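# A structural walkthrough
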Amino acid sequence: YNNNIAKIKKYSKKKIFIIEDASHVYLNSKFSLFSKNLIFLSLRKHGYFGPGGWSSLNYNLGKKSKTEFGYLRRNRQLRKEKNLLLKKNDYIKNELYFLNKFRMLNKFFNNKISYLKYDEYFDFLTKVNFDLVVTKRINNWNLLNQILDNKFRKLNKSVSKNNVPLGFIIFTKKRNLLEKYLKKKRIFTSLHWKTNKIISNNRKMIINEKMKNSLTIPIDQRYNFKDIEYIANTLKNF
């Protein structure tokens, strides 16, 4: 939580407009969506959402066009179909079909500036039990940490209810090889900095090395005990 925002508000009067990205502080007990400054946030960081975000600006949104409504309806239907196949363990053989369909839909949406309002996403966000999400993420982190038994150097030594991880971040000089290995095992990791995007003359060499070697292993609330066990054992066998 950025305490400086309150200080800026106090001294800014009417000379400064504050635009705040609330994506990472939305769940903080001190935070309020009904602040006088301008706020936007990404809904996708807090649940299984499709496209779009939320802003405190009051646009004259109007009605959805038939094209926009059709897109949203098809996007939601595809997600339901995918989820059903995942539950039946029958998704993999249909994966290319879904990837192509989502790619086509996203191509349409990403090339279109739209002020449409899709209330269902935000309504769903308000109904999520984030206490369960916090507990699940912490348990998954601790389980993965226990099974790996210091095989990799990691970012955090421990986690707590006030320090909830988005993933299990490790460091390895074989990061790119490990990422490819995990993909073959259908474990999809987050790669935050591609090596060719890192500035070579970075004076802070420690940070530079961490950027080159970091990899985030998924541990979020979608994964159960068996999933984490599979991920951990796959990592140990690398």
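Residues numbered from 1 in each chain as written. Predicted model: local features only at pLDDT ≥ 70, side-chain atom pairs only at ≥ 80, totals over all residues. Heavy atoms only, no water.

### Side note on the overall build of the protein chain
Across its full length, the protein chain holds eight helices and six strands. Residue burial in the protein chain is summarised as follows: out of 238 residues, 33% are buried. Across the protein chain, contacts joining residues at least 24 apart in sequence account for 56% of those joining residues at least 6 apart. As displayed, the protein chain offers around 17500 Å² of accessible surface, 52% of which is attributable to carbon and sulfur atoms. (Helix = DSSP H or I, 4+ residues; strand = E, 2+ residues; numbered from the N terminus. Buried < 20%, exposed > 50% of the residue type's maximum accessible area, 1.4 Å probe, protein only. Contact = heavy atoms within 4.5 Å. Areas by Shrake-Rupley, 256 points an atom, 1.4 Å probe, with all protein chains shown as cover.)

### A word on the sheet that holds strand E4 (residues 153-154)
Across the sheet, which stays open at both edges, the three strands sit in the order E4-E5-E6 with antiparallel pairing between neighbours. At either margin of the open sheet sits one strand with a lone partner, and together these are E4 and strand E6 (214-217). Across four bridges, the pairing between strand E5 (residues 168-171) and E6 is antiparallel. Opposite Phe-168, over in E6, you have Ile-217 as the bridge partner. This element, helix H5 (residues 130-148), spans E4, E5 and E6 of the sheet and lies at about 30° to E5. (Pairing = 2+ DSSP bridges. Axes fitted to C-alpha atoms, helices over the stretch in contact; angles between N-to-C directions.)

### Describing H5
With 19 residues, H5 ought to run about 27 Å at 1.5 Å a step, and its terminal C-alpha atoms sit 27 Å apart, in line with that. Regarding H5, the residues found buried are Phe-130, Val-133, Val-134, Arg-137, Ile-138, Asn-140, Trp-141, Leu-143, Leu-144, Ile-147 and Leu-148. Taking the backbone nitrogen of Asp-131 as reference, a side-chain oxygen 3.2 Å away marks Asn-129 as the first, capping residue of H5. Of the residues one or two after H5, Asp-149 is the one with positive phi, at around 50°. (Expected span 1.5 Å × (residues − 1). Polar contact = N/O pair within 3.5 Å; in protein donor to acceptor, adjacent residues only side chain to side chain.)

### A closer look at the confidence of the model for the protein chain
Looking at the protein chain as a whole, the pLDDT averages 79, with 74% of positions reaching at least 70. For the protein chain, per-element mean pLDDT is lowest for helix H4 (residues 119-127), which scores 65, and highest for helix H8 (residues 225-236), which scores 95. (pLDDT = per-residue confidence, 0-100.)

### What to know about the pattern of salt bridges
Taken as a whole, this structure holds four salt bridges when the rule is applied. A salt bridge links Glu-81 to Arg-74; the nearest nitrogen and oxygen atoms lie 3.7 Å apart. Across the pair Arg-222 and Asp-220 runs a salt bridge, and its minimum N-O distance is 2.8 Å. On the basis of relative accessible area, Arg-222 is assigned to the exposed category, the value being 53%. (Salt bridge = Lys/Arg side-chain N within 4 Å of Asp/Glu carboxyl O.)

### Description of the packing of aromatic side chains
Aromatic ring pairs are reported here in terms of the distance separating the ring centres and the angle at which the planes meet. Scanning all chains against the criterion turns up four aromatic pairs. Measuring from ring centre to ring centre gives 5.8 Å for Tyr-91 and Phe-98, while their planes differ by 40°; the resulting arrangement is tilted. Judged by relative accessible area, which is 9%, Tyr-91 ranks as buried. Judged by its relative accessible area of 2%, Phe-98 falls in the buried class. Ring geometry for Tyr-97 versus Phe-98: centroids 5.1 Å apart, planes at 85°, classification edge-to-face. Assessed through its relative accessible area of 37%, Tyr-97 is described here as partly exposed. (Phe/Tyr/Trp six-rings, centres within 6.5 Å; stacked < 30°, edge-to-face > 60°.)

### Some remarks on the packing of H5 against H8
How two helices sit against one another is set out by the angle between their axes and by the gap between those axes. One can describe the packing of H5 onto H8 by two numbers: an axis separation of 9 Å at closest approach and a directional angle of 35°. Considering the relative orientation of H5 and H8, their crossing is right-handed. Contacts from Asn-140, Leu-143, Leu-144, Ile-147 and Leu-148 of H5 reach H8 at Phe-225, Ile-228, Glu-229, Ile-231, Ala-232, Asn-233, Leu-235 and Lys-236. Residues of the contact of H5 with H8, tallied by class, amount to nine nonpolar, two polar and two charged. (Left-handed = near helix turned anticlockwise from the far one by under 90°. Nonpolar A, V, L, I, M, F, W, Y, C, P; charged D, E, K, R; others polar.)

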